[in-house]
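Residue-level structural notes
Below are the chains, spelled out letter by letter.
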Amino acid sequence: MRFITNMNSINFTARLVSSPTIQQRNFISWKPYGVSIVELDSAHSDDIRALEEVSDNWCKNGGKYADDIFLSAIPELKSSCITGIKDHFYALTTQKKNFEKIDPYDILGLMLFQEKNDNTNEIALLEVNPSTSKSKNNIVRKYKEVGKALVEFVKSKFSHRDIDVLSDHKAIDFYKKVGFQQKSRNIDILCWRALK
């Protein structure tokens, strides 16, 4: 492990926030598969260690954002000058119980969602396990709709506020499929409009 935290405070650990359904491969077709979305507690060392392990594993396999999500969760590295933003660290996992001890190998997707004091919230970072991501090198993946389940969860939970995302260029079509629209001339900045 690259970073060991020393946290002695008693805190809640990851907590279940949703139980969506994604699709699991069934030979040549797909079948519904129940998963859990948990909110990780950045003040709890077990949750930080799980994020760190996910980051290490995914980065070795082509992941781009898991490391940034992990580093954003470390309390000692958070900037004290940023006010008006509440970070939420969500993980989509195949784990169904014992959320006080998240198994990093069961995590299929991660999201850093920022709840802001201004008019819009933001999907700051989103990544799906590289072994589950849709790509030309991964045509026989075991699960699909992981990123969609995370995005649909925050759209539902924070339905009263617009949600912005600065999208990776390769993910623009994904965000458009889940209801985001181009916000400005910069094609990478997209917005989902709140239900009003």
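Our subject is the structure listed above.
Residues numbered from 1 in each chain as written. Predicted model: local features only at pLDDT ≥ 70, side-chain atom pairs only at ≥ 80, totals over all residues. Heavy atoms only, no water.

Let's shift gears to the packing of helix H1 (residues 45-60) against helix H2 (residues 66-73). Across the interface, H1 lies against H2 with an axial gap of 8 Å and an inter-helix angle of 160°. Between H1 and H2, the angle falls in the class roughly antiparallel. As for how H1 packs across H2, the hand of that crossing is left-handed. Residues Ile48, Leu51, Glu52, Ser55, Trp58 and Cys59 of H1 touch H2, and the partners they reach there are Ala66, Asp67, Ile69, Phe70 and Ala73. Partitioned by chemical class, the residues of the contact of H1 with H2 number 8 nonpolar, 1 polar and 2 charged. (Axes fitted to C-alpha atoms, helices over the stretch in contact; angles between N-to-C directions. Helix = DSSP H or I, 4+ residues; strand = E, 2+ residues; numbered from the N terminus. Parallel < 35°, antiparallel > 145°, perpendicular 65-115°, else oblique. Left-handed = near helix turned anticlockwise from the far one by under 90°. Contact = heavy atoms within 4.5 Å. Nonpolar A, V, L, I, M, F, W, Y, C, P; charged D, E, K, R; others polar.)

Right, let's talk about the packing of aromatic side chains for a bit. In this description, an aromatic ring pair is defined by two values, namely the gap between the centres and the angle between the planes. Summed over all chains, the structure comprises 5 aromatic pairs. Considering the side-chain rings of Tyr175 and Phe180, the 5.3 Å spacing of their centres and the 70° angle between planes classify their relative orientation as edge-to-face. A relative accessible area of 5% places Tyr175 in the buried class. Three or more aromatic residues joined by ring pairs make a cluster, and in this case those are Phe174, Tyr175 and Phe180. The ring of Phe158 carries the charged tip of Lys157 above its face, separated from the ring centre by 5.5 Å. (Phe/Tyr/Trp six-rings, centres within 6.5 Å; stacked < 30°, edge-to-face > 60°. Buried < 20%, exposed > 50% of the residue type's maximum accessible area, 1.4 Å probe, protein only. Lys NZ or Arg CZ within 6 Å of the ring centre and 35° of its normal.)

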